[in-house]
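Single-letter residue listing:
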Amino acid sequence: MATPLGNLQDITLRAREVLAAVDVIAAEDTRHSQRLLDACGIGARLIPLHEHNEQAAAGQVIAHLEAGRHVALISDAGTPAVSDPGARAVARVREAGFPVVPVPGACAAVAALSAAGFTDNGFRFVGFLPPKSAARRSALEALRAESVPLVFYESPHRIAECVADLATVLEAERELVIARELTKLHEQIVRLPLASAGDWLAADENRRRGEFVLIVSGAPAREGLSPEEERVLCLLLAELPVKTAARLAATITGASRNALYAHALTLKGD
Ligand code: SAM
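All figures in this text were calculated on a predicted structure; none of them were measured in a lab. (Residues numbered from 1 in each chain as written. Predicted model: local features only at pLDDT ≥ 70, side-chain atom pairs only at ≥ 80, totals over all residues. Heavy atoms only, no water.)

J.: Describe the side chain of Glu28, with residues and values.
T.: Assignment of secondary structure puts Glu28 in the loop between β1 (24–27) and α2 (30–40). The side chain of Glu28 is buried and forms no salt bridge, while Arg88, the nearest opposite charge, is found at 10 Å. Looking at Glu28, its side chain comes within polar contact range of the main-chain nitrogen of Asp76, at 2.8 Å. Among all residues touching Glu28, those that are not within four sequence positions of it are Leu49, His50, Ile74, Ser75, Asp76, Asp84 and Pro85. (Helix = DSSP H or I, 4+ residues; strand = E, 2+ residues; numbered from the N terminus. Buried < 20%, exposed > 50% of the residue type's maximum accessible area, 1.4 Å probe, protein only. Lys, Arg positive; Asp, Glu negative; His and termini not counted. Salt bridge = Lys/Arg side-chain N within 4 Å of Asp/Glu carboxyl O. Polar contact = N/O pair within 3.5 Å; in protein donor to acceptor, adjacent residues only side chain to side chain. Contact = heavy atoms within 4.5 Å.)

J.: How would you sum up unusual backbone geometry? Please name residues and give values.
T.: Phi at Ala81 is positive, roughly 75 degrees, even though this residue is not glycine. Inspection of the secondary structure assignment puts Ala81 in the loop between β3 (71–74) and α4 (87–95). Positive phi values are uncommon outside glycine, yet Ser83 reaches one of about 50 degrees. With respect to the secondary-structure elements, Ser83 resides in the loop between β3 and α4. Judged by relative accessible area, Ser83 falls into the partly exposed class, the value being 33%.

J.: I'd like to hear about the pattern of salt bridges, residue by residue, with values.
T.: According to the stated counting rule, one finds 13 salt bridges in the structure shown. Arg136 is the salt-bridge partner of Glu161, the closest N and O atoms lying 3.1 Å from each other. Of this pair, Glu161 sits in helix α7 (residues 159–169) while Arg136 is found in helix α6 (residues 133–143), placing the two residues 25 residues apart along the sequence. The partner of Arg144 in a salt bridge is Glu171, with the nearest N and O atoms 3.2 Å apart. Of this pair, Arg144 sits in the loop between α6 and β5 (150–154) while Glu171 sits in the loop between α7 and β6 (175–180), and the two are 27 residues apart along the sequence. Overall, the relative accessible area of 27% leaves Arg144 in the partly exposed class. A network of salt bridges, in which partner residues are shared, links Arg136, Arg137, Glu161 and Asp165.

Next up, the structure:
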């Protein structure tokens, strides 16, 4: 079940009711969650369930369920299993034949999207990118052609490097929403061209503090072939006649066969 991202008033009426009613609460960090329970006047028993003990803790949860007890699962903030532990435990509990009931509420990605103003039909939730720059850049390369907004989570330690990599790998004309400290005292949500995001962050160290959701607009509409489509076409053209290469490249990449054929002719100098 979901718990607040920062502002404790974001706990839902139903979440309060469920937390007060269950026998056991499996929590990512029991000390952290104790504060929420204290604020709500709830005295349930907490057990730890985090990324390092999830399998063992899932066994404990199942044992409680088998004994007829009710168990709630929470993470430190927001919705469990969304860039948080929980999914493996949920899978185990379902496999053991017990129902899993979502109690929806706060989620940083959804909160940021709701205030970002992107009008696309859909988005791609990525969560955390790899911590090292080389791996992060290749992950971004793989996402480059995605036409809908990309949603990332980032910590204050890597926000500047991450935004620098976004600006290097993705087109400068894309827009970036930086949603910082959502629901907290220093909440800040800005939307700016990706090319100027690094300068914006550098201008004030407070802007690099706290927790971040980043949303980048989708790939700009383009004419011609993408670098990947062109690469596939060139590889095939080296071995095959123009028509066959264009047909196969269309099947592999999903690009228009006519566009590939026209480009193949140009490449062959015909
Ligand atoms: N399960 C959570 C959810 O539903 O959003 C996400 C947990 S993930 C471990 C933590 C990351 O979520 C943070 O590093 C940050 O990227 C994002 N996040 C969490 N709280 C936030 C907040 N108040 N403002 C902005 N981002 C937040």
